[in-house]
Structure formats: structure tokens, C-alpha cells
Amino acid sequence: MATPHDAKARAAATYNAAADRYDDRENSFWERFGRATIERLRPTPGSRVLDVCCGSGASALPAAEMAGPAGFVLGVDLAEKLLQLARMKAAERGLRNTEFRVADMLDLRLPEAHFDAVVCVFGIFFVPDMVAGIRALWHVLRPRGKLAITTWGPRFFEPATTAFWNAVRDVRPDLYKGFNPWDRISDPAAVRALLLEGGAEHVEVIAEAGTHPIPSAEAWWSAVLGSGYRGTLEQMDADARERVHAANLSYIRSAGIRSVEANVVYAIATKT
């Protein structure tokens, strides 16, 4: 079973590697769902917002726009290279109310009841003990504050996901995974139960069905390189990676894939 240290090291390595393709235009799903989360949360002007697993700022930057000059957004992530991208984008947009730093969800070292809103988009499932993760986020939330958790719904990026893992199994069966970490909470009931077990209150959960466009085989490969799949590829030699690459492109082209499923579960809990 993965330890917290193992999971932390794996996530950091994966997303530092993925940083070179994370913000490719084909990977607009990060910004799309990050902004959608903040639009549901609607932080008020002057709010202090914590964004955990903030990546390159897909949710932190919209939060900073809504919080305004009197507000403040702290974005934390394990991948320094993603944080570098977030800092650059904040500077380009003139958002001076942001700070980005490396930090662990389970060891935030932040004051209790310090933030008006806490956000975690596509990140809570990376810690082996998700209940501990919710407790850590709830701990730094002020009374009447809101916690927003967004996770992937069922059938993540299907049918291309199955094709990816089949190609991995053909080349490196030891790296094949029939399980994705988000599978543990891919439906509203599981998300609600997680939040309640972690001590959250007044939980509202909404599932949203959707798709992500795949205009070309190369666009799919960009999504692979700019997402968690990168961690698997980084464990392969050049020949194995090329074989997986070729198999994926061949599948997308021959099957005529033009989009993949991108189902999402949004949850917001309000602290009394």
C-alpha cells in the first residue's frame, strides 16, 4: 500500500515532468474546470482563498480575479515547475494578490480558521488517506467559509483511457493499472460521504456530464503528456514510450475519436 511519502514523491515527479505540456492549448480542461469550480464557489471581494493542488493556476487565478486587490490567494502544490507557470501567468495578468509555494496537503503549516474559502480541484484523490486530507483543508477554513472539492466523474477520458492502458500493458505489463486514484470518489454519493467523514458540513454535490474535444491524435497525446499519465511514461525507456505513443495515435485515428468523456463531480461544503 502506498505511504503518504510515496504518494507525495510520485505526484511531485509526475507533475514536474508534465509541466512542459500541462498548459498546451489542447489541455484546456484544466482551465475549464478550474474556472467552473471558482464560479460555483464565488469568492467575494476581499476574500482570503487557499487553493491546494493548484497546478499552474487554473482555479487560483480566477479566484484572485474575483477576490480583487483587497483579497489574497495562496496556491500550493507539490510540483515546483507548475508553480513557476502559475507565477508567470499571474504576473502577465497583473494579479498581485497571489502567492504560490510548494506545500503538502497533509502538512500545510497554516493557521487554523485562516481562509474564507479553500479549493482543491482534481487533487484530493492523490493522498492515500483522503479523509485526513479533508480534515486538513477544513481545519484552515473560517466559520461561514466554503470548501470546494472537484473530482473526476466516471469513465475518465474514455474511450481513449482504456486504449492508453492497453498499450502500456502490451509494452510494460508491470506498469499497467486497472485503477485510477479518482475512481474512489467518482460519484456524488462517494464524494458526499468523504466530505462528511472528514468533518465537513452542509455539503452540496453536483455531477456534470461532459466531453473534452480531441481534434487530432496528436491532441490526445498532448493530454497524455500534460496529465497524470505522464508518470507512467516517465518510468519507461525511449523505445517503450514510442511504442505506447504509436499505439495511441493509431487507435485515435482508426477509431475516429473526436472527443473523450470528461465527467466531473463538484462539491461545496459550508462551515458553520
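Everything below is about the structure printed above this text.
## A look at the overall build of the chain
Logical step 1: Summing up its helical and strand segments, the chain has 10 helices and 9 strands in all.
Logical step 2: The C-alpha atoms of the chain give a radius of gyration of 18 Å, which matches the 19 Å a tight globule of 272 residues would have.
Logical step 3: Per element, the accessible surface of the chain, about 12,000 Å² overall, is 52% carbon and sulfur.
Logical step 4: With 32 positive and 33 negative side-chain charges, the chain shows a spacing of 3 Å between the two charge centroids.

## Quick look at unusual backbone geometry
Logical step 1: With an omega of 10°, the peptide bond running from Glu 158 to Pro 159 counts as cis.
Logical step 2: With respect to the helices, strands and loops of the structure, Pro 159 is situated in the loop between β5 (141-152) and α6 (160-171).
Logical step 3: Even without being glycine, Arg 109 reaches a positive phi, approximately 55°.
Logical step 4: Tracing the backbone shows Arg 109 in the loop between β3 (98-102) and β4 (115-121).

## Focus on the packing of helix α1 (residues 4-22) against helix α4 (residues 80-92)
Helix-helix packing: each pair is described by the crossing angle between the helix axes and the interaxial distance.
Logical step 1: Their axes nearest at 7 Å, the elements α1 and α4 cross at an angle of 35°. Along the contact surface, α1 presents Tyr 15, Asn 16, Ala 19 and Tyr 22, while α4 presents Glu 80, Lys 81, Leu 82 and Leu 85.
Logical step 2: Tallied by class, the residues present in the contact of α1 with α4 amount to 5 nonpolar, 1 polar and 2 charged.

## Things to note about the environment of Phe 125
Logical step 1: Following the sequence through the fold, Phe 125 ends up in the loop between β4 and α5 (130-139).
Logical step 2: On the accessibility criterion, Phe 125 (1% relative accessible area) is buried.
Logical step 3: Non-local contacts of Phe 125, meaning those with residues more than four positions away in its chain, are made with Met 130, Thr 151, Trp 152, Pro 181, Trp 182, Arg 184 and Ile 185.

## Things to note about the pattern of salt bridges
Logical step 1: Under the defined criterion, the tally for this structure stands at 15 salt bridges.
Logical step 2: For Glu 218, the salt bridge is made with Arg 253, and the minimal N-O distance between the two is 2.5 Å. Of the two residues, Glu 218 is situated in helix α8 (residues 217-225) and Arg 253 in helix α10 (residues 238-255); the sequence distance between them amounts to 35 residues.
Logical step 3: Owing to a relative accessible area of 53%, Arg 253 belongs among the exposed residues under this scheme.
Logical step 4: Via salt bridges that share partners, Asp 20, Arg 230 and Glu 234 belong to a single interconnected network.

## Quick word on the pairing of β5
Logical step 1: The pairing of β4 with β5 spans 6 bridges and is parallel. Considered in β5, the bridge of Ala 117 is made with Lys 146.
Logical step 2: As for the winding sense of the linkage, the β-α-β connection from β4 through α5 to β5 is right-handed.
Logical step 3: With 7 bridges joining them, β5 and strand β9 (residues 264-270) adopt antiparallel strand pairing.

## Quick notes on the environment of Asp 6
Logical step 1: For Asp 6, the position within the fold is in helix α1.
Logical step 2: Residues Asp 6 and Val 127, spaced 121 residues apart in sequence, show a C-alpha to C-alpha distance of 9.7 Å.

## Remarks on α5
Logical step 1: Along α5, 7 of the 10 residues are buried, which leaves the element largely enclosed by surrounding structure.
Logical step 2: Within α5, burial applies to Met 130, Val 131, Gly 133, Ile 134, Ala 136, Leu 137 and Trp 138.
Logical step 3: In this structure, the buried side of α5 is in contact with β1 (48-52), β4, β5, α7 (188-197) and β9.
Logical step 4: Among the residues of α5, the N-terminal cap falls to Asp 129, whose side-chain oxygen and the backbone nitrogen of Val 131 are separated by 3.3 Å.

Reading the values: rules and limits
Residues numbered from 1 in each chain as written. Predicted model: local features only at pLDDT ≥ 70, side-chain atom pairs only at ≥ 80, totals over all residues. Heavy atoms only, no water. Helix = DSSP H or I, 4+ residues; strand = E, 2+ residues; numbered from the N terminus. Rg over C-alpha atoms; globule rule 2.2 N^0.38 Å. Areas by Shrake-Rupley, 256 points an atom, 1.4 Å probe, with all protein chains shown as cover. Lys, Arg positive; Asp, Glu negative; His and termini not counted. Charge placed at Lys NZ, Arg CZ, Asp CG, Glu CD. Axes fitted to C-alpha atoms, helices over the stretch in contact; angles between N-to-C directions. Contact = heavy atoms within 4.5 Å. Nonpolar A, V, L, I, M, F, W, Y, C, P; charged D, E, K, R; others polar. Buried < 20%, exposed > 50% of the residue type's maximum accessible area, 1.4 Å probe, protein only. Salt bridge = Lys/Arg side-chain N within 4 Å of Asp/Glu carboxyl O. Pairing = 2+ DSSP bridges. Right-handed = clockwise from strand over helix to strand, strands pointing away. Polar contact = N/O pair within 3.5 Å; in protein donor to acceptor, adjacent residues only side chain to side chain.

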